[in-house]
Amino acid sequence: MTQTPVVFTVFPGDCDTFGHLNQAAFLSYFERARWAMLADGPGMDLFEREGVWPAVRKAAIEYHAPAYPGHSLRFQQVVTRLGRTSFSMRQVARRTPDETLVATAESVFVCVDRSGAAVPVPAGVRAFLLTSLSTAVTPQRRVEVNGVELALVDEGSGPAVLFVHGYPLDGTLWRHQAGALPGWRTLVPDLRGLGRSEAPDLGYSMATYADDLAGLLDAIGVDDVVLVALSMGGYVAFEFLRRHRPRVRGLVLADTRAQADSAEGRRARELAMADAREGGAPLIADQMLPRLLAQSAPDSMREEVRGMMGSAPVPGILGALAAMRDRPDSTELLPTLAGLPTLVVVGAEDALTPPADARALAKAIPGARLAEIPDAGHLSPLEQPEAFNRHLREFLGRFGAPPTDG
Ligand code: MLT
């Protein structure tokens, strides 16, 4: 979960002779923020009670902007992976109140016993960390668009990147990307009917989803975006391009395809609709889960994805299935995208939209680049965030260096 933020004020003694907050002090701020998160939750003595110690095994910090005495820094943290004996965490430090991204830290911890040997993450710690995984992105805004309230995570500042999730998922899919692109404003909505957006009974189509996104941009005063879309999000992106092309500066298509459903595919949508009516979202989650992730995906990720799908509102599931069943074929659109910087990304183990499809997609869009991500299935940005973000940052670099901040 994005934990309750912790705010520290930078003291002169924490700074170097040029007045910048120094690295050693920064490390201790990150550490204090982690303990504050425990104090705020199960108690600072959680690990002691459980008889283990979380030893830091790896820490990578990126510094994006300086901080000076008197600045207030807000730290937020999220658990990004939970393994058998280890877990990982991402922390973000921003200046308040202007929200400048100052530093991000990725750390890996191993639970050790008194002799220093790695031991399984105890149940009490696991339970706490799992809650931290499940609500990783908290929408701060609700925006009314076309008569429906959409949930939106709006972080950072600069030119905008708009992320569109797949089915039957929500913006949590992009939790490793939201707010993690220095110099860019990241916009992560939940599509109507999914996640924490309102779920009307009727009115779902690719055109409605695309117009919702355009309406959302109007409502928050954003003219154009780099559009990053996964799977069904890609189908929405194609429709967005047909209807609102001047608003797209660049395109990232992840784990998606341009073809419409085959006759057999349309029948499968009908069956899935009947299942959703009968067994609700949990049944759909059970059916989809086995094909979504790479073989090596940890159980915690499976639980997270199952939770995301299993809590989708049934009207939104039915609406999305109908919208996908009825979507037009977009293959003829692809050659017309010449001149639009495009990146196609695919998980090497994607069973739903396999790498061969991604290669064909990239080939059909003049000038498009292709990135294949090892050890990822259909949900590459969630499964392998570091690799996905590296490709994304490299791609965004084409639009000029992000503004630096002093
Ligand atoms: C998705 O991930 O958005 C869907 O699986 C796409 C589809 O079913 O065509």
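See the structure above.
Residues numbered from 1 in each chain as written. Predicted model: local features only at pLDDT ≥ 70, side-chain atom pairs only at ≥ 80, totals over all residues. Heavy atoms only, no water.

## Comments concerning the packing of helix H6 (residues 263-292) against helix H7 (residues 299-310)
Phase 1: Across the interface, H6 lies against H7 with an axial gap of 8 Å and an inter-helix angle of 140 degrees. Overall, the two elements H6 and H7 adopt an arrangement that is oblique. The two elements H6 and H7 meet at a crossing, and its hand is right-handed. The residues of H7 that touch H6, namely those facing Ala281, Pro282, Ala285, Asp286, Met288, Leu289 and Leu292, are Arg302, Val305, Arg306, Met309 and Gly310.
Phase 2: Here the contact of H6 with H7 is built from residues that sort into eight nonpolar, one polar and three charged. (Axes fitted to C-alpha atoms, helices over the stretch in contact; angles between N-to-C directions. Helix = DSSP H or I, 4+ residues; strand = E, 2+ residues; numbered from the N terminus. Parallel < 35°, antiparallel > 145°, perpendicular 65-115°, else oblique. Left-handed = near helix turned anticlockwise from the far one by under 90°. Contact = heavy atoms within 4.5 Å. Nonpolar A, V, L, I, M, F, W, Y, C, P; charged D, E, K, R; others polar.)

## What to know about the pairing of strand S9 (residues 185-189)
Both faces of the sheet carry side chains from a regular strand, because those side chains alternate between them.
Phase 1: Among the five residues of S9, five are classified as buried, and the element is accordingly described as predominantly covered.
Phase 2: Every second residue of S9 is oriented toward a common face, with Arg185, Leu187 and Pro189 on one face and Thr186 and Val188 on the other, all of them buried.
Phase 3: Sheet topology note: the strand S7 (residues 148-155)/S9 ladder contains four bridges and is antiparallel. Counterpart to valine 153 in the pairing with S9 is valine 188.
Phase 4: Judged from the three bridges that link them, strand S8 (residues 160-164) and S9 form a sheet pairing that is parallel. Considered in S9, the bridge of leucine 162 is made with leucine 187. (Buried < 20%, exposed > 50% of the residue type's maximum accessible area, 1.4 Å probe, protein only. Pairing = 2+ DSSP bridges.)

## Brief notes about the packing of aromatic side chains
Phase 1: One pass over the structure, following the stated rule, counts 13 aromatic pairs.
Phase 2: Judged by centre distance (5.5 Å) and plane angle (55 degrees), the rings of phenylalanine 8 and phenylalanine 75 are tilted. Of this pair, phenylalanine 8 sits in strand S1 (residues 6-9) while phenylalanine 75 is found in strand S3 (residues 72-82), placing the two residues 67 residues apart along the sequence. Just as phenylalanine 8 is buried, phenylalanine 75 falls in that class too.
Phase 3: Measuring from ring centre to ring centre gives 6.1 Å for tyrosine 29 and phenylalanine 75, while their planes differ by 70 degrees; the resulting arrangement is edge-to-face. Pair noted here: tyrosine 29 is in helix H1 (residues 23-40) and phenylalanine 75 is in strand S3, with a separation of 46 residues, a long-range link.
Phase 4: When its relative accessible area of 2% is taken as the criterion, tyrosine 29 is described as buried.
Phase 5: Site record: aromatic cluster; members linked through ring pairs are Phe8, Phe26, Tyr29, Phe30, Tyr63 and Phe75.
Phase 6: A cation sits over an aromatic face here: arginine 32 above tyrosine 29, 5.8 Å from the ring centre.
Phase 7: For the cation-ring pair, arginine 327 lies above tyrosine 235, with the distance from its terminal atom to the ring centre recorded as 3.7 Å. (Phe/Tyr/Trp six-rings, centres within 6.5 Å; stacked < 30°, edge-to-face > 60°. Lys NZ or Arg CZ within 6 Å of the ring centre and 35° of its normal.)

## Details of the environment of methionine 206
Phase 1: Looking at where methionine 206 falls in the secondary structure, it is placed in helix H4 (residues 206-220).
Phase 2: A C-alpha to C-alpha distance of 6.3 Å links methionine 206 and glutamate 239, two positions 33 residues apart in sequence.
Phase 3: Setting aside its immediate chain neighbours within four residues, methionine 206 contacts Met232, Tyr235, Val236, Glu239, Ala323, Met324 and Arg327.

## So, the site of the ligand
Phase 1: Around the ligand sit Gly166, Tyr167, Ser231, Met232, Tyr235, Arg257, Arg269, Met288, Met324, Leu352 and His378, and that is every residue in its neighbourhood.
Phase 2: Side-chain polar atom of tyrosine 235 to an oxygen atom of the ligand: 2.6 Å apart, as the coordinates give it.
Phase 3: Between an oxygen atom of the ligand and a side-chain N or O atom of histidine 378, the distance comes to 2.9 Å.
Phase 4: Its free accessible area being 270 Å², the ligand has 92% of it covered by the protein chains. (Near = heavy atom within 4 Å. Polar contact = N/O pair within 3.5 Å; in protein donor to acceptor, adjacent residues only side chain to side chain. Areas by Shrake-Rupley, 256 points an atom, 1.4 Å probe, with all protein chains shown as cover.)

## Focus: the pattern of salt bridges
Phase 1: For the coordinates displayed, the defined rule picks out 20 salt bridges.
Phase 2: Salt bridges linked by common partners bring Asp211, Glu239, Arg242 and Arg243 together as one network. (Salt bridge = Lys/Arg side-chain N within 4 Å of Asp/Glu carboxyl O.)

## Things to note about the nonpolar core
The nonpolar side chains of a soluble globular protein tend to be buried with one another.
Phase 1: Ranked by internal contacts, the top residues of the largest apolar core, which has 97 residues, are Tyr167, Tyr209, Leu227, Val228, Met232, Val305 and Leu379.
Phase 2: A total of nine residues in this core trace back to one element, the largest contributor, which is H6.
Phase 3: Those residues in contact with valine 305 that sit more than four places away from it in its chain are Leu169, Leu289, Leu292, Leu293, Leu379 and Leu382.
Phase 4: Within the second largest apolar cluster, 17 residues are counted, among which are Val10, Ala25, Ala103 and Ala105. (Core = buried A, V, L, I, M, F, W, Y, C linked by side-chain atoms within 4.5 Å.)

## Here's the deal with the side chain of arginine 34
Phase 1: Here arginine 34 lies in helix H1.
Phase 2: Accessibility expressed as a relative area gives 15% for arginine 34, which makes it buried.
Phase 3: Residue contacts for arginine 34: discarding those within four places in its chain leaves Val56, Gln77, Met89, Gln91, Ser107 and Phe109.

## Points about the sheet that holds S1
Phase 1: Pairing is antiparallel in the open sheet, where five strands are placed in the order S1-S3-S4-S5-S2. Two strands bound the open sheet, and with one partner strand each, they are S1 and strand S2 (53-63). Between one strand axis and the next, the sheet turns by 25 degrees as a mean value, whatever way the strands run.

## Focus on H4
Phase 1: Here H4 contains 15 residues, and its C-alpha end-to-end distance of 21 Å stays within 8% of the 21 Å for a straight helix at 1.5 Å per residue.
Phase 2: Counting buried residues along H4, 11 of its 15 residues qualify, which places the element largely inside the surrounding structure.
Phase 3: Residues of H4 that are buried include every one of Met206, Thr208, Tyr209, Ala210, Asp212, Leu213, Ala214, Gly215, Leu216, Leu217 and Ile220, and no others.
Phase 4: Positive phi appears at glycine 221, one or two residues downstream of H4, with a value of about 75 degrees. (Expected span 1.5 Å × (residues − 1).)

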